Amino acid sequence: MKKYLLLVLIPMLVVGCGKKHPVRLYVDPSIKEGSIEKIAVFPFASSLHRTDDPDEVAPRTMDRLFRAELDTRRDYKFMSPASVNYALQGEGLAGDAERFVDEWRKFQRADTGFLTRLAQALQVDAVLIGVVDLWQQDEVDYRENAAPTTYVGATVTILSTSDGSILFQASDEDYLEGARTETTDRTVSRTAAGSVRRDPGAKVYKAPEPKEVAIRVVKALVSSLPVR
């Protein structure tokens, strides 16, 4: 029975389609010319409301997946977030770096003075900032005829350390639908007070894990970086 159920559910997982990925892309001509080689990568930041992701699962997950995908690119020299943080702490720039990323996340504003100091300290041509824009699971219950859906979105920007200009920026959003639930297929048991005691289909009709969608978003973002 379990094998049969799995075979039935697999075709019901629907991946977001119909869009070009990434959904938005800007590439400055200078990055295509090959002048940018070494890039400092900051840990992913998040534009999500604190109540939507109190444990910061979204930026940590995106950061891990993104760094793994960056490792497949051999044309640039990416300085990992861990190495960047260690070097900045040694130079006394860790606090400035946090403020820099936060300013960019909120206002898309680059502190050129900090970039100059960072370039001198790390000997890099550019910095990469990733921001999680969307991380949402829309669940359904037994009273709905609908498909649970998970959405993930992120933006990656590469800034020149010489003048703070945008050399590359890509944004992507994707989604994945789970098995569609119909009220006629759902059976629940209730307490005497009328609340749901048991819903056997709750696990079957859950929205997909965000990681499943995040992987697709990460691949689209990294692959859109022009070959050096």
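Residues numbered from 1 in each chain as written. Predicted model: local features only at pLDDT ≥ 70, side-chain atom pairs only at ≥ 80, totals over all residues. Heavy atoms only, no water.

A short note on the pattern of salt bridges
When charged atoms on two side chains of opposite charge get close, those side chains can pair.
(1) Moving on: For the coordinates displayed, the defined rule picks out 13 salt bridges.
(2) Moving on: In this structure, Lys 77 engages Glu 37 in a salt bridge whose closest nitrogen and oxygen atoms are separated by 3.3 Å. Within this pair, whereas Lys 77 is found in strand E5 (residues 77–79), its partner Glu 37 is found in the loop between helix H2 (29–32) and strand E3 (38–41), the two being separated by 40 residues in sequence.
(3) Moving on: Glu 37 sits in the partly exposed class, given a relative accessible area of 30%.
(4) Moving on: We note a salt bridge from Asp 75 to Arg 73, for which the minimum N-O separation is 2.8 Å. Taken as a pair, Asp 75 and Arg 73 share a single burial class, namely buried.
(5) Moving on: Because the salt bridges share partners, they merge into one network encompassing Glu 37, Lys 77 and Arg 228. (Salt bridge = Lys/Arg side-chain N within 4 Å of Asp/Glu carboxyl O. Helix = DSSP H or I, 4+ residues; strand = E, 2+ residues; numbered from the N terminus. Buried < 20%, exposed > 50% of the residue type's maximum accessible area, 1.4 Å probe, protein only.)

Regarding the packing of helix H5 (residues 94–107) against helix H6 (residues 112–122)
(1) Moving on: Where H5 contacts H6, the two axes come as close as 11 Å, and the packing angle between them is 135 degrees. With respect to their mutual orientation, H5 and H6 come out oblique. Along this stretch, H5 crosses H6, giving a crossing that reads as left-handed. Note on element contacts: H6 touches H5 through Phe 114, Leu 115 and Arg 117, opposite Asp 96, Ala 97 and Phe 100.
(2) Moving on: Taken together, the residues that form the contact of H5 with H6 break down as 4 nonpolar, no polar and 2 charged. (Axes fitted to C-alpha atoms, helices over the stretch in contact; angles between N-to-C directions. Parallel < 35°, antiparallel > 145°, perpendicular 65-115°, else oblique. Left-handed = near helix turned anticlockwise from the far one by under 90°. Contact = heavy atoms within 4.5 Å. Nonpolar A, V, L, I, M, F, W, Y, C, P; charged D, E, K, R; others polar.)

Examining the confidence of the model for the chain
(1) Moving on: When pLDDT is averaged along the chain, the result is 86; 80% of the residues meet or exceed 70.
(2) Moving on: Contacts of residues 1–16 to residues separated by more than four positions or lying in other chains number 22 contacts, the stretch itself having pLDDT below 50. (pLDDT = per-residue confidence, 0-100.)

Description of the packing of helix H3 (residues 57–70) against helix H7 (residues 210–223)
(1) Moving on: At a minimum axis separation of 9 Å, H3 and H7 run at an interaxial angle of 40 degrees. What the angle tells us is that H3 and H7 run oblique. Crossing angle aside, the handedness with which H3 passes H7 is right-handed. Residues Met 62, Leu 65, Phe 66, Glu 69 and Leu 70 of H3 lie in contact with H7, whose contacting residues are Lys 211, Ala 214, Ile 215, Val 217, Val 218, Lys 219 and Val 222.
(2) Moving on: Across the contact of H3 with H7, the residue classes tally to 9 nonpolar, no polar and 3 charged.

Description of H3
(1) Moving on: Its 14 residues give H3 an end-to-end C-alpha distance of 20 Å, which sits within 8% of 20 Å, the value for a rise of 1.5 Å per residue.
(2) Moving on: What H3 keeps buried is the set Ala 58, Pro 59, Thr 61, Met 62, Asp 63, Leu 65, Phe 66, Glu 69 and Leu 70. (Expected span 1.5 Å × (residues − 1).)

Section: the nonpolar core
(1) Moving on: Ile 31, Met 62, Phe 66, Trp 135 and Ile 158 are the most contacted members of the largest nonpolar core, which totals 31 residues.
(2) Moving on: The set of elements that each furnish at least two residues to this core consists of E3, H3, strand E6 (126–138), strand E7 (149–160), strand E8 (166–177) and H7.
(3) Moving on: Discounting chain neighbours no more than four positions away, the residues touching Ile 31 are Ile 36, Tyr 76, Ile 158, Leu 167, Phe 168, Leu 225 and Pro 226.
(4) Moving on: In terms of nonpolar packing, the next biggest core, distinct from the first, is built from 21 residues, Ala 40, Phe 42, Leu 88 and Phe 100 among them. (Core = buried A, V, L, I, M, F, W, Y, C linked by side-chain atoms within 4.5 Å.)

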